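Listed below are the residues making up each chain.
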Amino acid sequence: MSLPGAARQSGYRAGVTNGEEVTGAAPTHWRDGIRWWQPLLAFVALLFAAFTVVGSSFQRTATAIDLTRSTASLARSVLLIALLAVLIYAALVALFSWLDRRDRRLPTTPTTTMTAAMRRWFIPCWLPISGAWLVWLALHYPGNMDADTMAQRLQWMGLAKPSDHHPWFDTMVFGWFWDLGDALGNAAFGFFGYLVVQVLALGAGVAFCLCYLTKLGLSRRIRLALVIIAAFSPATLTLSIMMSKDGLSTIFWLPFLVLYAEIARTRGRILRRVPVSAAMVCICCLLVLTKRTNIYLAALSLVVLLIVVSKRFWLPLVAGFVGVAVVTLGLWTSVILPAWGVQKPTSNDMLSIPTQQTARIVKEHGPEVPPDERATIDTMLRWNTLAKVYAPERSDAVKARWRDDAPAAQKRAYFEVWFKQLFRYPGTAASATAANTYQYFTPTTPLRIGNENNFSAHVDNWKKLSYPSTSRAEIQTLADEIEDPDALQGVRDKLRKTVEILPDRTFFASMAFYASWLPILLAVAAIRRRNWFQLACCWPAFINLAFLVAGPIAFARYLIPATMFSSFLLGLLFTAARWEPRQEIAVPVDDDRDARAAAHPTEPVLAG
């Protein structure tokens, strides 16, 4: 269907609602054009309601027993899900009807160039975000450190065996700043210095995402709102000042997301620019070096890009990924780290789901398990005390029992047994995973982190991880060096209570909102618009959700990437950019096309 003359000349759509192009004048009343029955939104509302009700049961009892205790309780649960689904459905209809009306005025092609957007809007976006986070950091001097990061410090100082369990690349970066602090007379100075750099870098990454969205047509008001949300959201405030591998990795997550989106939007055309291709390879290398699981992010993103881009760009994409794998998995992991005496990580890091399911099956159905399966489980996870160490919400105690040095035949036999039990006890297996991950789907758990360094409870565990010659007093001294100063305690307590009001009272600051609800909402918006570019942009967020589900525990710091790229996902909801037509025949690339389109008087240039 062709657009009306004015819309066709300007490059705007008349509108796309539920995948159908809308022509004519915009509705004059808010009720005009609303479709009260939308099956897709009804399904999503039912899904969100089920997440909430079922997850609440797991939050209370680590089981679904509250829902299925009796016929009456089951009926109440179904009724509650239905009522909650109606409320959520009404909210979704209102939200997407409003977005539909906005879509009629949005451009589907870039309204400016990235260079122009960066020149005009990078500093205005970056300064408020980084400024707010720096103030929060200063009030919580010297910052917040994860317990695993302190274990990395012990390795760096030679008090524990060096290991790549927590990426050694991160340990090196942190170690350089700790050494700087020691040189200045106080390790806290180096700790604080690192977090200043991290805050500035994360703020720059969010600003970079907002500039890219501005290129795609994001309005000035929405961009301002996203800047305010990023600067003052309790989640971003508290997580931005945490020294952890997740924070360091997120610095590279944000530019990766933008480059991935632009490669998809241009169908690979942007790869003709050598600096862009080189930047993507470097960023992917740093992503994997700072967190090993990001190799799966790169690989799965590559799959989508190979489907999307023109065939003539397949070779550069594959070659780039191979280069990343060679550098990170080959040269770094297999050559450099062994030469430095750094121990390789064990494979149990990726086994939370199967081992937790096995442990729960043993706990609930132990007497029913055949002797041969019991013997197979015993060889890998030690049957006798497996049920005792099982903790529903954390898999560390179970997966730590995994025999990484066992022969391949024994590992294969275990997975065969696990697969059989998966079908024999599907409810128990599903409950094991749900109990370990419900926080990522049920909006009842606030995303909150204390921003305090109180490591007294961890000293004994660090002693176990250290060399026998390392004394407990040495470890306690290192922990005391980075404790928060008492002078600011009163101010910190008041600020923390104020900031925690939002997570306690709204699902917008819950773990589930960032982990699953926001990506699902963007995916639904993309499907309704039939905007496959936006749907492709959801893919990295769902990969991140898979990482969370496969993790050992639902922990706040694991959500640092999701909270930081939430501005990108929210912004995409308010744009309508689509990808370019695929060009299979090589043609001269006109890199200034978007610039001339933005400057042409008949083309749309938003006020923002």
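Preceding this paragraph is the structure being described.
Keep in mind that this is a model prediction, so the values were computed, not measured. (Residues numbered from 1 in each chain as written. Predicted model: local features only at pLDDT ≥ 70, side-chain atom pairs only at ≥ 80, totals over all residues. Heavy atoms only, no water.)

What about the overall build of the protein?
The helix and strand tally for the protein stands at 29 helices and four strands. Evaluated residue by residue, the protein yields a buried proportion of 53% over its 608 residues. Nonlocal contacts in the protein, meaning residues at least 24 apart in sequence, comprise 81% of its contacts between residues at least 6 apart. When the accessible surface of the protein is totalled, it reaches about 26500 Å², and 66% of it is carbon and sulfur. (Helix = DSSP H or I, 4+ residues; strand = E, 2+ residues; numbered from the N terminus. Buried < 20%, exposed > 50% of the residue type's maximum accessible area, 1.4 Å probe, protein only. Contact = heavy atoms within 4.5 Å. Areas by Shrake-Rupley, 256 points an atom, 1.4 Å probe, with all protein chains shown as cover.)

Re the packing of helix α11 (residues 245-265) against helix α12 (residues 274-290)
The description of two helices packed together rests on the angle between their axes and the distance between the axes. At their nearest, the axes of α11 and α12 sit 9 Å apart, and the two run at 150 degrees to each other. Between α11 and α12, the crossing angle belongs to the class labelled roughly antiparallel. Crossing hand, α11 versus α12: left-handed. Judged by residue contacts, Lys 245, Leu 248, Ser 249, Phe 252, Trp 253, Pro 255, Phe 256, Leu 259, Tyr 260 and Ile 263 of α11 engage Val 276, Ala 279, Met 280, Ile 283, Cys 284, Leu 286, Leu 287 and Thr 290 from α12. For the contact of α11 with α12, a count of residues per class yields 15 nonpolar, two polar and one charged. (Axes fitted to C-alpha atoms, helices over the stretch in contact; angles between N-to-C directions. Parallel < 35°, antiparallel > 145°, perpendicular 65-115°, else oblique. Left-handed = near helix turned anticlockwise from the far one by under 90°. Nonpolar A, V, L, I, M, F, W, Y, C, P; charged D, E, K, R; others polar.)

Side note on the state of the cysteines
Under the defined criterion, the tally for this structure stands at zero disulfides. Residue Cys 284 stays outside any disulfide, its sulfur separated by 7.3 Å from that of Cys 285, the closest cysteine. Given the relative accessible area of 9%, Cys 284 is considered buried. Not engaged in a disulfide, the cysteine Cys 537 finds its nearest cysteine sulfur in Cys 538; these two sulfurs lie 7.1 Å apart. Overall, Cys 537 belongs to the buried group, its relative accessible area being 1%. (Disulfide = S-S within 2.5 Å.)

Here's the deal with helix α20 (residues 426-437)
Quick reminder: α-helices carry 3.6 residues per turn. Residues three or four places apart thus point the same way. An ideal rise of 1.5 Å per residue puts 16 Å on 12 residues; α20 measures up with 17 Å between its terminal C-alpha atoms. Buried within α20 are the following residues: Thr 428, Ala 429, Ser 431, Ala 432, Thr 433, Ala 435, Asn 436 and Thr 437. Packing partners of the buried residues in α20 comprise α2 (39-61), α15 (352-365), α19 (408-424) and α26 (532-549). (Expected span 1.5 Å × (residues − 1).)

With respect to the packing of helix α25 (residues 511-529) against helix α28 (residues 566-573)
It is at 10 Å that the axes of α25 and α28 come closest, and there the two elements cross at 25 degrees. Our classification of the angle between α25 and α28 gives roughly parallel. When you trace α25 past α28, the crossing you get is left-handed. Only Ser 566, Leu 569, Leu 570, Leu 572 and Leu 573 of α28 make contact with α25, whose side of the interface consists of Tyr 514, Leu 518, Pro 519, Leu 521, Leu 522, Ala 525 and Arg 529.

Observations regarding the packing of aromatic side chains
The tally for this structure, following the rule as stated, stands at 25 aromatic pairs. On the basis of an interplanar angle of 85 degrees and a centroid distance of 6.4 Å, the ring pair of Trp 253 and Phe 256 is categorised as edge-to-face. Taken together, the residues span about one helical turn, with Trp 253 and Phe 256 both in helix α11 at a distance of three residues. Since its relative accessible area comes to 2%, Trp 253 is described here as buried. Accessibility expressed as a relative area gives 1% for Phe 256, which makes it buried. Here the aromatic rings of Trp 332 and Trp 340 are separated by 5.7 Å at their centres, their planes lie at 90 degrees, and the arrangement is edge-to-face. Relative accessible area serves as the criterion here: at 49%, Trp 340 is assigned to the partly exposed category. Pairwise contacts between aromatic rings join Phe 48, Phe 51, Phe 441 and Trp 517 into one cluster. (Phe/Tyr/Trp six-rings, centres within 6.5 Å; stacked < 30°, edge-to-face > 60°.)

Here we look at the side chain of Ser 244
Inspection of the secondary structure puts Ser 244 in the loop between β4 (242-243) and α11. Ser 244 sits in the buried class, given a relative accessible area of 1%. Ignoring sequence-local partners within four residues, the contact set of Ser 244 consists of Asp 146, Thr 149, Phe 174, Tyr 194, Arg 557 and Ile 560.

A short note on a nonpolar patch on the surface
Together, Tyr 296, Leu 300, Met 350 and Trp 539 make up a nonpolar patch on the protein surface, roughly 380 Å² of accessible area in all. Within the element layout of this structure, Leu 300 appears in helix α13 (residues 294-308). The class of Leu 300 is partly exposed, set by a relative accessible area of 38%. (Patch = residues over 30% accessible without salt bridge, like charges linked within 9 Å, V, L, I, M, F, W, Y side chains within 5 Å. Salt bridge = Lys/Arg side-chain N within 4 Å of Asp/Glu carboxyl O.)

What about the pattern of salt bridges?
For the structure on display, the rule yields 21 salt bridges. A salt bridge links Asp 146 to Arg 557, with the shortest nitrogen-to-oxygen separation between them at 3.0 Å. Of this pair, Asp 146 sits in the loop between β3 (144-145) and α6 (147-156) while Arg 557 sits in the loop between α26 and α27 (560-564), and the two are 411 residues apart along the sequence. Note on Arg 557: relative accessible area 2%, which makes it buried. The salt bridge involving Glu 580 is made with Arg 269; its shortest N-O contact spans 3.2 Å. On the criterion of sequence distance, the pair formed by Glu 580 in the loop between α28 and α29 (593-599) and Arg 269 in the loop between α11 and α12 is long-range, its members being 311 residues apart. Residue class for Glu 580 comes out buried when judged on its relative accessible area of 12%. What emerges from the salt-bridge pattern is a single network uniting Asp 146, Asp 148, Asp 246, Lys 291 and Arg 557.

Structural notes on α11
Taking 1.5 Å of rise per residue, 21 residues should cover 30 Å, and α11 covers 30 Å from first to last C-alpha, within 8% of that figure. Ile 251 marks the point of greatest bend in α11, at about 30 degrees, and the proline Pro 255 comes within the next four residues. Burial analysis of α11 places 21 of its 21 residues in the buried class, the great majority of the element. Just downstream of α11, Arg 267 is the residue with a positive phi angle, here 60 degrees. (Bend = angle between axes of the 7 residues up to and from the residue.)

Regarding the environment of Phe 256
As for Phe 256 and Ala 298, which are separated by 42 residues in sequence, their C-alpha atoms are 9.4 Å apart. If we ignore the near neighbours within four places in the chain, the residues touching Phe 256 are Met 280, Ile 283, Cys 284, Leu 287, Leu 297 and Ser 301.

That's the geometry; what it means functionally is another story.
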